[in-house]
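Residues per chain are reported as follows:
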Amino acid sequence: MHFALSEEQTLLRDAAVQALARRHTLRSVRDALDGTAPPSLWATATEAGWPGILSGEDAGGAGLGALEAMLVLEACGRVLADARLLGHLPAASLLERGGGDATVRTGLASGRLRAALADAMACGRRPATVIARSGGDGSLHLTGAAGQVLDAPGADVLVVCCETPGGASVAAWLRGDAAGVSVEPCPAYDASRSLGRVRLDGAAATPLDATAGDALAARHLQRALLGAESLGAAESSLHRARDHARERVAFGRPIGSYQAIKHKLVEILRRVENARSLTYYAGWAWQRRAAEFALAANAVAVSATDALDFAARETIFVLGGLGATWEHDASLYYRRAELSRRLGGGADAAADAVAEELLAAAP
């Protein structure tokens with residue numbers, strides 16, 4: 001299949017790059033390591049219309065697809081910007097699928113409200129960590145906890161994917177400040193990340209008219225977005241290594257002319273381009289072949305987080321002693337790589353999902 005971005009998609013990607021270029025994101029990440037809270041990029045995201053990318057036009061959203069969302073996250077990844085979209089977009093998408101409250105959907109699309117997705121369903125060998133019981137009045141009462149929930153601190157709306165005592169998957173939403181809800185910020189290796197532990201003590205939530213497949217689709221979407229962000233960070237690492245290899249001279253020659261360095265740069269490029277192809281495939285599947293989205297999204301998560309892990313390590317190698325210093329930004333990309341591959345259930349869970357999809361499709 002030959003695939004290329006449309007003119008509108010290219011403009012969206014370029015506009016995202018330009019909007020983030022006006023913010024000193026890398027400096028903010030470094031300041032966050034010293035204990036200074038990074039400035040919120042939510043206003044930038046809202047001004048650009050990113051919170052409503054996946055929201056329906058009836059709610060004031062753009063009604064676009066996963067590929068457009070991934071293009072924005074790729075731009076964020078290049079400069080390690082955390083615009084609080086990794087939690088918001090999957091949650092907003094699930095509210096769209098499940099017929100969420102119209103006022104809430106409108107607030108999410110406009111950016112007036114921010115959401116986070118708490119995925120507490122069973123994942124691999126991990127059992128469900130939140131149990132939903134019927135409240136008798138049409139509501140669900142949620143009990144349990146979900147750890148490392150992206151963008152949970154400060155979220156106005158929590159969309160929780162959990163299970164009933166019988167093991168059936170359900171989805172529900174509730175306000176972040178509702179009774180029985182507490183969100184504890186989690187310190188992270190990558191200080192620019194906003195992670196929280198969500199505790200629910202019989203909290204009353206409004207069920208969504210969403211199937212188990214819809215809840216899983218939100219999980220897959222979040223993994224795809226994490227992968228797209230990792231793709232952007234991996235490409236940025238490649239450019240840093242390439243530029244240094246052109247300028248650094250050893251024994252009278254740029255180090256990029258030595259075969260050992262060439263091989264490292266080419267291998268980073270191969271992994272980046274492979275992840276990019278899978279990203280486009282996932283975006284196409286979201287719009288045209290929904291049955292393949294789970295496979296594609298998890299493949300993006302596996303390949304892109306692997307590409308970033310490799311690129312971050314090899315960039316430090318190419319930079320030599322400079323890359324190993326605290327002052328260089330290469331260490332910030334390494335931190336992003338090591339945390340990203342452990343979020344959304346982790347790269348291993350995404351790889352298991354790819355295997356499950358392939359085995360299910362086998363004759």
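Scroll up a little and you will see the structure.
Since the model is a prediction, treat every value here as computed from it, not as a measurement.

Caption draft 1: Examining the environment of Arg97 more closely. Residue position: Arg97 is located in helix 5 (residues 85-97). Taking the C-alpha atoms as reference, Arg97 lies 24 Å from Pro165; in sequence the two are 68 residues apart. Beyond its immediate chain neighbours, meaning those up to four positions away, Arg97 contacts Asp209, Asp214, Ala217 and Trp286.

Caption draft 2: Geometry of the side chain of Ser230. For Ser230, the location among the structural elements is in helix 7 (residues 212-247). Aside from chain neighbours lying at most four places away, what touches Ser230 is Ala304, Thr305, Leu308 and Ser340.

Caption draft 3: Quick look at the packing of helix 7 against helix 9 (residues 293-319). Contact pair helix 7 / helix 9: the axes reach a minimum separation of 7 Å and the direction vectors enclose 25°. Relative to helix 9, the element helix 7 is oriented roughly parallel. Note on packing geometry: the crossing formed by helix 7 with helix 9 is left-handed. A class-by-class count of the residues in the contact of helix 7 with helix 9 yields 22 nonpolar, eight polar and two charged.

Caption draft 4: Inspection of the pairing of strand 4 (residues 157-163) at higher detail. Most of strand 4 is tucked away, with seven of its seven residues classed as buried. Across the two faces of strand 4 the burial is the same, with Val157, Val159, Cys161 and Glu163 and Leu158, Val160 and Cys162 all buried. For strand 1 (residues 115-119) and strand 4, the ladder comprises five bridges, and the chain directions are parallel. Following the sheet pairing, Asp119 is matched in strand 4 by Cys161. One ladder, built from seven bridges, connects strand 4 with strand 5 (residues 169-175); its direction is antiparallel. Bridging across to strand 5, Cys162 finds its partner in Val170. A loop of five residues connects strand 4 with strand 5, the two strands running antiparallel in sequence, and Gly167 in this loop sits at a positive phi of about 95°.

Criteria and cut-off values
- Residues numbered from 1 in each chain as written.
- Predicted model: local features only at pLDDT ≥ 70, side-chain atom pairs only at ≥ 80, totals over all residues.
- Heavy atoms only, no water.
- Helix = DSSP H or I, 4+ residues; strand = E, 2+ residues; numbered from the N terminus.
- Contact = heavy atoms within 4.5 Å.
- Axes fitted to C-alpha atoms, helices over the stretch in contact; angles between N-to-C directions.
- Parallel < 35°, antiparallel > 145°, perpendicular 65-115°, else oblique.
- Left-handed = near helix turned anticlockwise from the far one by under 90°.
- Nonpolar A, V, L, I, M, F, W, Y, C, P; charged D, E, K, R; others polar.
- Buried < 20%, exposed > 50% of the residue type's maximum accessible area, 1.4 Å probe, protein only.
- Pairing = 2+ DSSP bridges.

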